[in-house]
Each structure stands twice: as structure tokens, then as C-alpha cells.
Amino acid sequence: MASLRTPLSISQTPLLHLPKFHCGNNTNTWGACLNVPKKACFTHKNKLKKKNNVVVIKNVIRSSSSPSKLSFEELASSSSSSSSSSSLYSSRAISISKLPARTREKADNADNDAISLLHERIRREHGKRELGPRTMDSEEADKYIKLVKEQQQRGLQKLRGATPGGGGGFSYKVDPYTLRSGDYVVHKKVGIGRFVSIKFDVSKDSSEPIEYVFIEYGDGMAKLPVKQASRMLYRYSLPNETKRPRSLSKLNDTATWEKRRIKGKVAVQKMVVDLMELYLHRLKQKRPPYPKTSAMAEFASQFPFRPTPDQNQAFMDVERDLTERDNPMDRLICGDVGFGKTEVALRAIFCVISAGKQAMILAPTIVLAKQHYDVISERFSRYPHIEVGLLSRFQTKAEKENYLQMIKHGHLDIIVGTHSLLGNRVVYGKLGLLVVDEEQRFGVKQKEKIASFKTSIDVLTLSATPIPRTLYLALTGFRDASLISTPPPERVPIRTHLSAFIKEKVKLAIKHELDRDGQVFYVLPRIKGLEEVREFLEESFPNIDIAIAHGKQYSKQLEDTMERFAQGEIKILICTNIVESGLDIQNANTIIVQDVQQFGLAQLYQLRGRVGRADKEAHAYLFYPDKSMLTDQALERLAALEECCELGQGFQLAERDMAIRGFGNIFGEQQTGDVGNVGIDLFFEMLFESLSKVDEHRIISVPYQSVQLELNINPHLPSEYINYLENPIEIINEAERTAEEDIWSLMQFTENLRRHYGKEPFSMEILLKKLYVKRMSADLGITRIYASRKMVVMETNINKKVFRLIIDSLSSDMYRNSLVFEDGQIKLTFTVECRLISFSSQAELLLELPREQLLNWIFQCLAELYAALPALIKY
Ligand SMILES: Nc1ncnc2c1ncn2[C@@H]1O[C@H](COP(=O)(O)OP(=O)(O)OP(=O)(O)O)[C@@H](O)[C@H]1O
């Protein structure tokens, strides 16, 4: 007892200043300061200098028979019996979890110990995302995974014509005859090389010459029979991408490539898991389903056309999202221009506002917003109680203010507008649905704002040329998507004419349209040339009404012009791409685009889609100034547009666009690096492989308490440390409790402990490691760990495929070579480690090994295995 209470020598060390504690009446105090010997491993030198507070540390009340050293178990178990005494000093003592929350800091002088390294690694490899308590049970997870897989299959089928029931129909391999000299190619077994040529050559065992593909590698030339090459070669980058690999692989060093390939595979797997978890997170947001009413059926029956089968499917999908699911909808309606997406949105709006909520329609341009407003007002005209409002810059300040008030107080049911609706000044009383038209045309900040809506309200996105990422998400099944791939009946493909600009051609085209009493769009990439065109056209067609429209016009003027064009008074509209998306004027069936090379592919596709929206044959004339002035990229784009002239080719076009612009646009920086490692086609093959196996790579954690660690280690904590801890029992209990919670809580606990008491003594480190081992085991589905002869055996619920993936994720060859999986057990053989720890005995080594060393070894091994977790779906 005396030793417990004897303060440590003052002369030996600088003062240890810890936060000031006030003691309860029954606690013994040691006085104002406590000095700790320098050699005591738990001192925290750097901290000492910084802190100025004076410390009052309480002593633990213990009976005189208390041992000077307590084992962890003894401490923990004494907690219940000593709870009364514990309460004596716990009322004001600081619990570790209540300490200042600078939890991400490292303990200054504990940087290089195994626990700190594990923390660093977990933060690096698991990202900032903290897993938190898992609320999803296996059954729920199964349901979602099934959903994702179904969507994935539907998406793939629709987008690429894959056969149902499998990923068939895909081939990422390249046809060698399409390669150009200098193209980078990837051979799955050898790595990245540069295509040289295809030439006839004689093989070793035949005199007949056959065709070979010659590929240059870092250390020589390889030749591959064409047949084999078409099975083994992938493109490194897309045909129009100029991306170069860092280096060429070497024929004599396939191991380096193999490592790179496996690294790529694991990265892809992690990406899939990330997407999956994001998706699941969204699915966990709840809102009550909307009621399904007869009024909805009545509203639907007022649609003047017979819906196409794809429209019907989209109606059903959306209705199901709203009325059957209890989490907010985030659905993409992908349909080519003019295929009838608007009606899908209108029915969703009806459903939501019938339940007393508001709906907001966000359009990329004011012209389009106005059109939506007109269409909605017309479609809802039989429901006079439904208030529709358009918020636009055409309004005066007072009008705007009035609208904002109406929105806020829920007096407007449907609000249409541009991005101004996303501003902070707009306060919604009871917003239930957001419809976003052409999301890709909004800026980054606006997209972020839109994304922030998605967790709380239903969002429906309409898109004709989906941005690559959207397309990709839809394709992978992580976003709900309905595809409208068939046009309304009687639609005729738009005839596209691409040529150099000739005034006569322009005149002829316009005359043809005017002769059939139609209207013409004349589009330029900039405002500057509009007047010049007007002069030319007024000269050519003196009796025809011609007007100019662009975004910089005085708002009222623009509104009037658009109105008059919609009414058919104006026959030729000379404009910028303000008419780009969504505008639906059925009588305008000729569009002329001058300086076509200055538009993006998706833009052009949209522009072309302004015509041919009824049953008349429509024409799109795309003029460039002179072919010699076009860049290769521009030519490629235009050729793509001319090729995709059939109805419904918007998706192919989006893909082409994606190829032209490069994959950096779809993936984040990290993924771009991963793509760079293995090349785009192999990356995609891996991606789809990983997606199709998303349900196989699941890890099912086990309860922490069910993990049996049969190592028989119960180290005793030195009495100095016990005394030094202001509340050892509570601290020890808290350690166990945080370990039981999750790894992040345990990490936080350890860091706080170190921050306040310095690096722990060896025996405490061992105790902590036991907790980490149990925590990591529980997360990895390991239920029992024991030593058997030369092995450590870990009984687990994982399957062979998961084990394979874990092994692929390991960064250390040593563990890769010493781990095997057999009959539900991961076995860690001793031989490799044996060298490391210089043990020579051959038999029963593990039993002879110091227990602490064995624990360290297991700790390190689990830390390695743990790095694979981000690549696994966790439940
Ligand atoms: N099933 C149908 N049969 C005939 N016409 C239809 C059908 N569905 C919609 N339409 C009409 O086709 C035109 C284009 O429809 P809508 O504006 O909904 O297309 P969209 O997919 O939104 O096109 P965009 O991407 O250009 O905005 C509209 O005039 C609409 O009334």
C-alpha cells in the first residue's frame, strides 16, 4: 500500500503537468504535483513542457491487501465490486472519452510503435470514413445487393445489348488489326507494351509463315500469333486518348506486372465497395411512402398520347419509388432527346403535391424553365387549386420577393426556375420533390447543392446525354435509372448534313423548311456574329420574320422573342446555344449550326434534338468553316455525330464523348491513377468482374465478445502505472468497452490515453494489443485464435474467395507466403517468422515462444489482413 502512495522522486524528472482535477471528499490526494521518473516509459516529455496547469491526482482507494501489480483481468473484474469506491472519485474525474476531442492527433512520442503504425494505416487505407455502428443486417443487405444486381443487368442490357443473365456480349479485348503503330497495349500476363506492327513470320515448329503481332517491351520485342493476341490484348487507353504509361513492362520481369495488376484489381474492388456503401447509405435514409391514389390514375389518363413501353416502365419505376419505398428516390431518367421524359416528371410531381408537398423543377436555362412552366401550367390546368410559379430573372424585385414568400409559406405547389432556386434566399416550406433537367449543365457548386438535397427529399433527374459519371453509375447499378430508349411512334430520324459553310446551301435549306410552312433555328457559338447573320438572312428572305435570341438580352425582350417563336410568328430564330436543351417547338424542323467545331459533342446532340420532335422529317445542317482548320479531336467529334444519326443514339454518343474527353472526367484522381496502372480496358474488365461478384466479397463480422483468444497472456501492470492513472478501473473498463464498440473508438481511446499519460509501459501495450487483436478478429469474422505446433490457427466464417481477395490486398510478401486457408481456418505458418525472430528450434516452437512475442506476431498479421477490409462489403 505504501508503495502505491509514495510519490515518485521529485528530483528525477521535470514536472509532469496534467489537467487539474478536483477530488471527491473520499479520495486521497498526493498533493499539488506529481513527478514521474524520466525512465518511466509513460512520461510524455513534449507534453510536459507545454502544459502549465498544476495537477492534483487522486489515489485509488484500495484495501491494504491490494497487490502492487494488477493484471488487466483483475482490474476489469474488480470494477463492478469497486463501483462504489469508483464512484467516489469518478464523479469529476475525466473519462478518456470525454477528453478534448482532438482525437486524430498522434501521441507525440509513440509514433513508431506497432499500435501507432496500425492507426496510421487504418486511416490511410480505410479513409476518413468511420464505419460507426453497423445497422444493416444481412437480410437487408441481401435485398439491396439483389437490387443493385438487377439494375446493373438491366442497365447493361439496355446500354450495351448484353445478353440477359450474365455479363455476356462484352469484350474489352482489342482487335489487333485496329491497332495503329505506337498504340499502347496490355497483355494480361506480361503487362504494358507498344504495338509495332503485324507481320508474317515463321514459327519454331512450322515452316508455314503466320501472322504475328509485334509488341515492344521495356527489354525487348515480343511476337504473338494474331489469334492469341486477339484473346490476350487490351488497349491501354481509349482510341483518342493520348495517355501514356509511365513505363513499359519487361518481358523478363513479369512479377512486377503481376503485382501491378493485382494492385489494380484490389483498387477496383475498393472502388466498387465504396460505391456500394454510398448507395447503401442513401438507401438507409427514411421517409414514409407517398399514398397511391385514384387521382393519380386519373391524372395519367389525361396524357394525350399512348405512352411508349419504355415510358410506361419509367412511370412504374417512379411510382414504385414514391409509393412503395421508404427512402428518398434518386432516379435518373435517361432518354434521348424528345423521347418523352417530361411526362415521367409530371406524374411524379402530381403524386408528391397530392400529398401536400411542394415540387421544384430546376432547368439549366431560363428559356427552358419558361417552357417547363408553360407545359406544367397546361398539364395541370384542370386542377385550379394547384399553384404553379416561375422564378426567373424576368421578374421585378417585388415580384420575386412575393414568390419567395409564397414558396416559404407553401403557397406555391410547383416552383419552376433556374439555378437561382438553389440560392440560400429560397426557403422551402415543405419541399418533397426536386426534378433536375439536364444536371450536367449545372456548375460544380450547384451540383453539390443538388446532391445535398438527395439525402432528404426525392430527386428525379432527366437527362438526354447523361454525363459520363451518371451514365457509369447507372451502368453499374448504383444509381436507380430508367431508360427510355424508344422514340414515340411516328418519329423520323433527323437527317444530319455535315459540310463546309456555303451560303447557297444555307439558303436552300431554309427555303425548303419555309416552303413547308415550318420554322428554322440558326445557331452560332457566340453572340458576336448574330447580327451579321441577320443581315444575310434578311437580304435572302426579305418577307420573313426573323429574330435574334441570346442569353445577354434584356429579359423581357428574350421572353417575348421566345414566345413569338413558339407561337409561330417568327420563322427564323438566330440564336446562341440558349436553345440547346429541352426546347420543344414541334413546327421547327430545320436547324442550322454554323462553326460547328466550336460546340461540344453533347451540345451538338442536344441542339440537333431541338428539331424532329413531331412526325415531320427534320434536318440538321452542321457547317464548319474549312476542314483544314479543324483539329483531329473536332473531326472525330463531328464524325461521331454524323454516325449517330439514328434515333436514340444519345448513349453511344455520350460514350464516345467520354472517350474523347478522357477518363479523368469520370473518375476521381485516385481512380485515374488506378486506370493508369493497368490501362483502361483491363480496368473496365476488372470493374465489371468485380461488380458481378459484389455479393461474393462480403465479410460478416462476429460479436467482439465471441472472439476467443487462447494465448494465455495476462501481463501485470506495474504499480507505478496503476497509481499514475487517475482512475485505472474506469480506464481499463473503457478500453474494453471501446474495443467492443469498433476499431475507431478503440483507436480514439488509445490516442487519448497516450496524450494524457504518455506512451504506456510494455505490459499495458500488451493489454491494448490483446484488445486490438480481438477487435480486428471480430471485424474479420474470426472467432477463435490459438497456437498449434508451428502454426497459429484462426477459425473464421470467411470463404475461400474472400480469403483470396484478402491475400491479394496484402502489401507484405512475407504474410502472403505464410498464410493458407483450409476448412474455415486461416493458418499462419511459423517458418518465415521463425527466421525473423531468430528461433532455431524446429519442433513445438510456438509453444516455446514467449507469449508476448506470439501476440505481437498475431497483431501484425491481423493488421495486414485488416488492410483488406475496404475491399470487402461489410456486415
Ligand atoms: N408517347 C408519346 N407519343 C407521342 N408524343 C409524345 C409521347 N410522349 C411525349 N410526346 C411528345 O414528344 C415531345 C417531346 O417530349 P418531351 O419534351 O417530354 O421530351 P424530352 O425527353 O423531355 O426531350 P428533351 O430531352 O429534349 O427535353 C413533346 O411534345 C411530347 O408531348
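Provided above is the structure to which this section pertains.
Being a predicted model, the structure only gives us computed values, none of them experimental.

Draft legend 1. Expanded view of unusual backbone geometry. Located in the positive-phi region is D595, a residue other than glycine, with phi close to 55°. Tracing the backbone through its elements, the reader meets D595 in the loop between strand 20 (588-594) and helix 19 (601-608). Here N712, not a glycine, exhibits a phi torsion of approximately 55°, which is positive. For N712, a relative accessible area of 66% gives the class exposed.

Draft legend 2. Up close: the packing of helix 5 (residues 114-126) against helix 26 (residues 743-757). Between helix 5 and helix 26, the least distance of the axes is 11 Å, while the angle of their chain directions is 135°. For the element pair helix 5 / helix 26, the angle class is oblique. Crossing hand, helix 5 versus helix 26: left-handed. Between helix 5 and helix 26, the residues in contact are I115, S116, H119, I122, R123 and H126 and I743, W744, M747, T750, E751 and R754, respectively. Partitioning the contact of helix 5 with helix 26 into residue classes produces five nonpolar, four polar and three charged.

Draft legend 3. Expanded view of the side chain of Q519. Counting through the fold element by element, Q519 comes out in strand 17 (residues 519-523). Among the residues examined, Q519 registers a relative accessible area of 2% and is labelled buried. Polar side-chain contacts of Q519 include one of 2.7 Å to the backbone oxygen of F565.

Draft legend 4. Structural detail: the sheet that holds strand 25 (residues 782-788). Within the open sheet, the five strands sit side by side as 23-25-26-28-27. Their pairing is mixed. Of all strands in the sheet, those with a lone pairing partner are strand 23 (708-710) and strand 27 (819-822), marking the two edges. Neighbour-to-neighbour, the strand axes of this sheet turn through a mean angle of 20°, independent of strand direction. Pairing between strand 25 and strand 26 (residues 791-796): six bridges, direction antiparallel. When the bridges of strand 26 are listed, I782 appears paired with T796. On the sheet, helix 27 (residues 762-779) packs against strand 23 and strand 25 and is oriented at approximately 125° with respect to strand 25. Strands strand 23, strand 25, strand 26, strand 27 and strand 28 (825-829) of the sheet are contacted by helix 32 (residues 851-866), whose axis makes an angle of about 45° with strand 26.

About the thresholds
Residues numbered from 1 in each chain as written. Predicted model: local features only at pLDDT ≥ 70, side-chain atom pairs only at ≥ 80, totals over all residues. Heavy atoms only, no water. Helix = DSSP H or I, 4+ residues; strand = E, 2+ residues; numbered from the N terminus. Buried < 20%, exposed > 50% of the residue type's maximum accessible area, 1.4 Å probe, protein only. Axes fitted to C-alpha atoms, helices over the stretch in contact; angles between N-to-C directions. Parallel < 35°, antiparallel > 145°, perpendicular 65-115°, else oblique. Left-handed = near helix turned anticlockwise from the far one by under 90°. Contact = heavy atoms within 4.5 Å. Nonpolar A, V, L, I, M, F, W, Y, C, P; charged D, E, K, R; others polar. Polar contact = N/O pair within 3.5 Å; in protein donor to acceptor, adjacent residues only side chain to side chain. Pairing = 2+ DSSP bridges.

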